[in-house]
Amino acid sequence: MENPIKRRKSRKIWVGNVPVGGDAPIAIQTMTNTETTDVAATVAQIRRAQDAGADIVRVSVPTMDAAEAFGEIRKQVDIPLVSDIHFDYRIALRVAELGVDCLRINPGNIGREDRVRAVVEAARDKNIPIRIGVNAGSLEKDLQKKYGEPTPDALVESAMRHIDILDRMNFPDFKLSLKASDIFMTVAAYRKIADQIEQPLHLGITEAGGLRGGTVKSSIGLGLLLWDGIGDTVRVSLAADPVEEVKVGWDMLKSLKLRSRGINFIACPSCSRQNFDVIKTMNELEQRVEDIRTDMSVSVIGCVVNGPGEAKETDLGLAGGQPNLVYIDGKPAGKLQNETLVDDLERLIRERATQLDEERKNLIVSES
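This write-up is about the structure you can find in this document. Since the structure is predicted, the reported quantities are computational estimates derived from the model, not experimental observations. (Residues numbered from 1 in each chain as written. Predicted model: local features only at pLDDT ≥ 70, side-chain atom pairs only at ≥ 80, totals over all residues. Heavy atoms only, no water.)

**Quick notes on the side chain of Arg259**
Summarising the element assignment, Arg259 is placed in the loop between helix 9 (242-255) and strand 11 (263-267). Here the side chain of Arg259 touches Ile26 through a polar contact of 2.8 Å, landing on its backbone oxygen. Of note is the side chain of Arg259, whose polar atom sits 2.7 Å from the side chain of Asp55. For Arg259, the contacting residues outside a window of four places in its chain are Pro25, Ile26, Ala27, Ile28, Asp55, Trp250, Leu253 and Lys254. (Helix = DSSP H or I, 4+ residues; strand = E, 2+ residues; numbered from the N terminus. Polar contact = N/O pair within 3.5 Å; in protein donor to acceptor, adjacent residues only side chain to side chain. Contact = heavy atoms within 4.5 Å.)

Here it is as structure tokens:
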């Protein structure tokens, strides 16, 4: 079935060499959790996130020492970097000099207007976009008093205050996030503001939780928004390794057919009909082929009830039997024994990935 989602139209900005908004693919973002002043550890984490498929990485820069470290980090990685800055406008000015690709600030907490203007002018001079990040946990005191508690309207009002500052300074190149840990609040806030501004929206359920719970919560909340066509960048906020955030983000976009990268596995939950251990096979297979970036589908089904049918829709399929049956492009292509099942499957997947890459490369050449 074709993807029925119609993306919200938004203004395109550039975070380094990554387009955000407009007709650009939804970008996947994560954030480092190392000490920024530990340059080696931070660089290593950024590279692992990039290998996992991150398009953009955010780095917290709370001090001037962290800003200088950021400059060293910037020299050692080639992925777009967003700096996370609060209160001290001088840090924003420094990282702008050191090659940051996006400034994550809230103009309203930078202080006097001349300080905000200095940051905006530095961003304008160096073609650096700004990300306004509104969070239910850090709303302005007067809004807390006005609404009594965080609400979608409170988040939107806070956002519009920051947006108004940038509007007065004629700076339209920004993206916006409106995050809460509550799914309903987050979804309502994004839906409310989506029709009020033209800028890209960065999605996230903040402080979503650990790997399992946070994945579920994020998938529900962000899935609702993505289905609405809302969202230009995504971060799955997990109390886990940033690489896991990237993996979940990719799986989310792949499941909605919004982006494709690597293998889309279709696997049965297993039952007594299975002719091989599906769960064990999938656990091992996923780890072995994580490095494959080819857009391809693989079905692993434990019996012949659904196996052949699923295989007809995938690039490579396995249906459990005695022996197990292999299908390529829906056609029977061999038999595999349980004793060497994972080894043989890995080999076939890699061979098929290479074939697909070559076929697509030749297609591009012939069309050009």
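**Remarks on the sheet that holds strand 14 (residues 324-328)**
Taken together, five strands build an open sheet; the order of strands is 11-12-13-14-15 and the sheet is mixed. Each end of this open sheet is capped by a strand with a single partner; those strands are strand 11 and strand 15 (331-336). Put simply, the sheet's adjacent strands are angled 20 degrees from each other on average, direction ignored. Sheet analysis places strand 14 next to strand 15, joined by five bridges and oriented antiparallel. By the bridge assignment, Val326 is partnered in strand 15 with Gly334. Helix 10 (residues 278-288) rests against strand 11 and strand 12 (296-301) of the sheet, and its axis sits at about 175 degrees to strand 11. (Pairing = 2+ DSSP bridges. Axes fitted to C-alpha atoms, helices over the stretch in contact; angles between N-to-C directions.)

**Overview of the environment of Val61**
Counting through the fold element by element, Val61 comes out in the loop between strand 4 (56-60) and helix 2 (64-76). Its relative accessible area of 0% is what places Val61 among the buried residues. (Buried < 20%, exposed > 50% of the residue type's maximum accessible area, 1.4 Å probe, protein only.)

**Some points on the packing of helix 8 (residues 211-227) against helix 9**
Running from N to C, helix 8 and helix 9 cross one another at 40 degrees; their axes reach a closest spacing of 11 Å. Accordingly, the angle class assigned to the pair helix 8 and helix 9 is oblique. Two packed elements cross with a definite hand, and for helix 8 against helix 9 that hand is right-handed. Residues Leu211, Thr215, Ser218, Ser219, Leu222 and Leu226 of helix 8 form the contact with helix 9, whose participating residues are Glu244, Val248, Met252 and Leu253. (Parallel < 35°, antiparallel > 145°, perpendicular 65-115°, else oblique. Left-handed = near helix turned anticlockwise from the far one by under 90°.)

**Notes on the packing of helix 1 (residues 39-52) against helix 9**
At a minimum axis distance of 9 Å, the contact between helix 1 and helix 9 shows a crossing angle of 20 degrees. Accordingly, the angle class assigned to the pair helix 1 and helix 9 is roughly parallel. Pair helix 1 / helix 9 crosses with right-handed handedness. In this structure, helix 1 uses Gln45, Arg48, Ala49 and Ala52 to contact helix 9, whose residues at the interface are Pro242, Val243, Val246 and Trp250.

**Things to note about the pairing of strand 8 (residues 174-179)**
Summarising burial for strand 8: six of the six residues are buried, a large majority. The alternating pattern of strand 8 places Phe174, Leu176 and Leu178 and Lys175, Ser177 and Lys179 on opposite faces, both of which are buried. Where strand 7 (residues 130-135) lies against strand 8, six bridges are found, and the strand directions are parallel. Its bridge partner lying in strand 8, Val134 is registered against Leu178.

All we've got here are geometric facts, nothing functional implied.
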